[in-house]
Protein chains: 4
Amino acid sequence: MIIMMNTTSPDSIQRVVEKLKQHSLDAYCVTSNGKTLITAVGDSAAHDSDLYERMSGVEKVVNILTPFKLVSRELKADDSLVHVRHVVFGSPLIPVIAGPCAVESPEQFLETAQLVKAAGASMLRGGAYKPRTSPYSFQGLELEGLKILRTVSEQVDMPVVSEVTDPRTVELTLNYVDMLQIGARNMQNFALLKEVAKTDKPILLKRGLSATVEEWLMAAEYIMAGGNEKIVLCERGIRTFETYTRNTLDLNAIPLVKHLSHLPIIVDPSHGTGNWRLVTPMARAGVASGADGLIVEVHPCPEEAVSDGPQSLIPQNFTQLMTELSKIAAAIDRSV
Amino acid sequence: MIIMMNTTSPDSIQRVVEKLKQHSLDAYCVTSNGKTLITAVGDSAAHDSDLYERMSGVEKVVNILTPFKLVSRELKADDSLVHVRHVVFGSPLIPVIAGPCAVESPEQFLETAQLVKAAGASMLRGGAYKPRTSPYSFQGLELEGLKILRTVSEQVDMPVVSEVTDPRTVELTLNYVDMLQIGARNMQNFALLKEVAKTDKPILLKRGLSATVEEWLMAAEYIMAGGNEKIVLCERGIRTFETYTRNTLDLNAIPLVKHLSHLPIIVDPSHGTGNWRLVTPMARAGVASGADGLIVEVHPCPEEAVSDGPQSLIPQNFTQLMTELSKIAAAIDRSV
Amino acid sequence: MIIMMNTTSPDSIQRVVEKLKQHSLDAYCVTSNGKTLITAVGDSAAHDSDLYERMSGVEKVVNILTPFKLVSRELKADDSLVHVRHVVFGSPLIPVIAGPCAVESPEQFLETAQLVKAAGASMLRGGAYKPRTSPYSFQGLELEGLKILRTVSEQVDMPVVSEVTDPRTVELTLNYVDMLQIGARNMQNFALLKEVAKTDKPILLKRGLSATVEEWLMAAEYIMAGGNEKIVLCERGIRTFETYTRNTLDLNAIPLVKHLSHLPIIVDPSHGTGNWRLVTPMARAGVASGADGLIVEVHPCPEEAVSDGPQSLIPQNFTQLMTELSKIAAAIDRSV
Amino acid sequence: MIIMMNTTSPDSIQRVVEKLKQHSLDAYCVTSNGKTLITAVGDSAAHDSDLYERMSGVEKVVNILTPFKLVSRELKADDSLVHVRHVVFGSPLIPVIAGPCAVESPEQFLETAQLVKAAGASMLRGGAYKPRTSPYSFQGLELEGLKILRTVSEQVDMPVVSEVTDPRTVELTLNYVDMLQIGARNMQNFALLKEVAKTDKPILLKRGLSATVEEWLMAAEYIMAGGNEKIVLCERGIRTFETYTRNTLDLNAIPLVKHLSHLPIIVDPSHGTGNWRLVTPMARAGVASGADGLIVEVHPCPEEAVSDGPQSLIPQNFTQLMTELSKIAAAIDRSV
């Protein structure tokens, strides 16, 4: 990784890229914080740091051994902060995103939004485009759902995140939400990753059902290499042999990702367990393990939810969860 | 599932759909073999078969207990045949698809095509759009690759299959290939499934890395419910704890899918194992287990392949594989 | 499950057992807290509660739907407490067990014991019989190791737990340790389970590498049905596809087991992650999820440990861990 | 690995062992085919081959890179043959072991034995000590079962294999069976492995439910390092996320093990799938993949079996299986 000085000229960048080509290395340029970062990829990548370090406009050369470069802690030692309007991920203050699995109606979404705001949530979630295993299941309200998200988000003054599932609807969705979610099933939908990388919206990148941490960080690398640095990772449970839980929430990933990457990471105990009884203890555990945020499904009436009822908290339990999280956060010198 | 008579009128169909709505059932219509099939979904689906069977234009009502309906063996007892030009999947004759992981150049692809044809392959494979874990890996020749596929396919007179990864490139790709592949990472990319469902090209639907057989059949159901019946399933290895092999080829899926569904199913021992040494024995085992075809990676010079070299056969080993497959096929009264 | 009164006579018990036989039900009797519990197993188990409830000496009949009976929360709503000398598992006070993977020498074990005691650990761990993947790896000091365990345990006045791997050494081991550990690889070593069930020592039952929670509770049921109620469960990581960590510590199991069973459950973040960097955050998370204790590997010099060095904490880090745990425990109204 | 000459003296062996100690290497001696093999383990194992090769009595030194040594193909290029009375595993003739999951009565076992013999099976299987998930399930007829095995084995003149689950019953079992089975749950029960290693009976070593191929070969290494070379490996399905099948029969392990080891390997499609419908196609696939034998559950009346009914073949289906296997075996120049 070659880090160019803030003040460097396009010519200097060009000369570095050409020198890399002479050494049979591919060069990928991206701008971060006003600096151009040049990722050099190829067999002899490790060689000749000195040569490049002496070139005009080069600030420093960092050898990064992991396959992910831009997202790696080796490149950037400090925690990255990701802002979603006034909400910040990566700081000692831990945001909680809450809301129903799917937006079902203006009334349902507004009611939930008001309830979770009252309980202390700082951001809303709600699905408008729903990836469902069956073609015969409710597929989301789509554009109508997006409009409800926007309206309610403004009514309660909370930013909102919603999932995109198709590169063709990314641009449309930008108008209605504050953060774009890439769902677990699309973690390696590279066409979609490249599309959201072109936007300047923050991205919530969920871990795939059977993705290794390395594959997940490589998916984040796609977004960052595509020009979008505002990435929040989300652990949401992996697929294992266990059948009592819908997924196995893998909290090991929290300290592991914090060690490997500078990106903020949050926890989804609702999908992660699939069982409302486990949501509160696993939310507590998530914060204790070092997570930078939480995303929780809350529904005023889970038994009538069109999707994911069994894992949704009733508002009363969500309030209890928030109280418990405050105490855990305080114990590690953070707050919710 | 309500099967309408061939000769039924739009009015009769409409009356059935309305009656279903009165019973709070959703109705999904699709045409198969000139007949309209109405999938009724909802809580009371099992009730009142008699009522519907007595309605005008209804041929019969089938209660299907599995969540997949149109692809189920319960709906259609006979094996479906899928034609890709002159190649047929699902008959006693077992087609072998062969070719390199990625199209690298006209010369490389033509040479491979001629070699695999000489060895007895009946169809070509080659990637133009490559889903790669790293943004820094070769992403395929894209349109240029499609053009090479078409040219060589005509030169050697063999149909060709290639992967689509983005709903926006489906229409373009139709002009160049004879069969569209949905790769493992996109098995639950529902936007893509819905897009290929609108085409009349045969679809090769690979199993997801950690997809259950039920989820896989549900993905096929998306395509069939979207109007495209020409689906060939492909087992390509699942993710397990084993580290010696890249994936674990799950041949249990072959007889299981043949039991649950009428669709043809083929085996990919190259991705399934990730190790060329295992390709031939697992290809033999695939045919012995009842697979309706094979897809095998062959490269004239695997150590120079831009992707998947370690799992590619050299042409000489592919010729040996074809010889061995003939004998296994003959042992179960089929042929390659 | 038929619960007999404290004061019931052997005759009454016998009459119940015979009545069960008449209904083709198998009867398994065990004594708990002075009461005889009769587990009735067979197809019609659910029937005729009334009949049995009216029989002489019967206190009540409980229908338990899970396959595990004696360990189930349905049978006993209150948390069970397990005493290991003065250390108690299952109460608000959370014991921490610490020590090296293997006992290597009297000096190494004494030094570690003194260090962990100073840091606040309440109990010692140390392996004398080591189940190792390779026959060429250090297999433990065996009897010599047990003697060191006993001596040091008395010197520092802390109870000690050590693993048994062979039914033939159970009796011997009883003389040297305060708690017998069943390791992950032996969770379904039923001969061993039946043997430790005959003792009156508390048992630390680790979860198997790929055991479902149900299988684990069934293993505990073996011990309880064999007459030993003093069981502490230990989550120590399951096998998944992830390769960055040695195992995947499954904290979901903590609230799940607390919901399904009355037994105390502790967490082993050392084996659970295989990486010392993850031990402290996962220990915090374990306590936050509701665990009743911890077991942690500590070695004065991990790089020289004969086994499990990479996952062992140095004493300084263990002290830090204890400080952090106190705060987390306080946040949920418990203490360490 | 240092291979001593046939004619070498104890003194020469001793000198090699001492030299290894001087180099801080551990030496493990075992006799195979009249030759002493010395496994040297330690950091500098790779060094100084020349030095040892020049020592008196040394035939040659082989550097084996895999952690398993004695069972590795690197040590012994030829396939090992394992004889169980007149039945041979590892030759072109493929033995089929058949019988019920558990011995239930003399009549049931004799009837099954006669039926499977008539269909062409060459060896019997039957459980006397059954490892069961639940303490309330049938645990086998134990000694009475062993006696039935012996009697019927002699009546029909077929060797018999049965499982041992406890090191204390190994010696007793030797008197009644021709081959000892180590079940999947005991693959890493090292006390049991060491005990059967001391016998001269052939061992059927099943793969653990979540054992990697390397761990499995290390378990075989335990037996061989303990002095017993007569090992037949058995693939019996691994644990994955798939729920339609009880286990996932991993046929990839067949060619992989044949590549890594000289030991014979057989396939258990009954446990491997848990579903009788899949047994015959997966048996065909097993033979096609290169397996050296099969073990199949057959029960005259599966719906009345005390265990594993759903995966047992009725005799008529077993006869059909044998016919199909003959054809597949012939196609790869082997026979059943």
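Residues numbered from 1 in each chain as written. Chains lettered and ligands numbered in written order. Predicted model: local features only at pLDDT ≥ 70, side-chain atom pairs only at ≥ 80, totals over all residues. Heavy atoms only, no water.

A. Inspection of the relation of the copies chain A and chain C at higher detail. Laying chain A over chain C is done by rotating through 180° and shifting 0.0 Å along the axis; what remains is an RMSD of 0.0 Å. The two molecules are tied by a two-fold rotation axis, judged by turn and shift. No C-alpha of chain A lies nearer the rotation axis than that of A285 of chain A, which sits 2.0 Å from it. The overlap is high: 100% of the interface residues of chain A also sit at the interface in chain C, so the same surface is used on both sides. (Least-squares fit on C-alpha atoms with pLDDT ≥ 70 in both. Contact = heavy atoms within 4.5 Å.)

B. Looking closely at unusual backbone geometry. Despite not being glycine, D157 of chain B has its phi angle at roughly 55°, a positive value. As for its position among the elements, D157 of chain B is in the loop between α4 (143–156) and β9 (160–164). Here D157 of chain B falls in the partly exposed class, since its relative accessible area comes to 44%. Even without a glycine there, the phi angle at S24 of chain D is positive, about 60°. Within the element layout of this structure, S24 of chain D appears in the loop between α1 (10–22) and β2 (26–32). Under the relative-accessibility criterion, S24 of chain D is labelled exposed at 62%. (Helix = DSSP H or I, 4+ residues; strand = E, 2+ residues; numbered from the N terminus. Buried < 20%, exposed > 50% of the residue type's maximum accessible area, 1.4 Å probe, protein only.)

C. Spotlight on the sheet that holds strand β1 (residues 2–4) of chain D. All names here are of chain D. Here four strands make up an open sheet; going across it, the order is β2-β3-β1-β4 and the pairing antiparallel. The outermost strands of the open sheet, each flanked by one partner alone, are β2 and β4 (58–61). Strand-to-strand twist of the sheet, defined as the mean angle between neighbouring strand axes without regard to direction, takes the value 20°. Pairing analysis gives three bridges linking β1 to β4, with the strands arranged antiparallel. In the strand pairing of β4, I2 is matched with V61. Against the sheet, α1 makes contact with β1, β2, β3 (35–41) and β4, and its axis sits at roughly 5° relative to β3, the strand it touches most. (Pairing = 2+ DSSP bridges. Axes fitted to C-alpha atoms, helices over the stretch in contact; angles between N-to-C directions.)

D. Looking closely at the packing of helix α10 (residues 276–289) of chain C against helix α11 (residues 315–331) of chain C. All names here are of chain C. Interhelical geometry of α10 versus α11 gives an angle of 20° and a closest axis separation of 9 Å. By the angle between their directions, the pair α10 and α11 is classed as roughly parallel. Handedness of the α10/α11 crossing: right-handed. Packed against α10, whose contacting residues are W276, V279, T280, A283, R284, V287 and A288, the element α11 presents N317, L321, E324, L325, I328 and A329 at the interface. Its residues placed into classes, the contact of α10 with α11 shows nine nonpolar, two polar and two charged. (Parallel < 35°, antiparallel > 145°, perpendicular 65-115°, else oblique. Left-handed = near helix turned anticlockwise from the far one by under 90°. Nonpolar A, V, L, I, M, F, W, Y, C, P; charged D, E, K, R; others polar.)

E. Quick look at the side chain of S32 of chain B. Here S32 of chain B lies in strand β2 (residues 26–32). At 2.3 Å, the side chain of S32 of chain B and the side chain of E229 of chain B are in polar contact. (Polar contact = N/O pair within 3.5 Å; in protein donor to acceptor, adjacent residues only side chain to side chain.)

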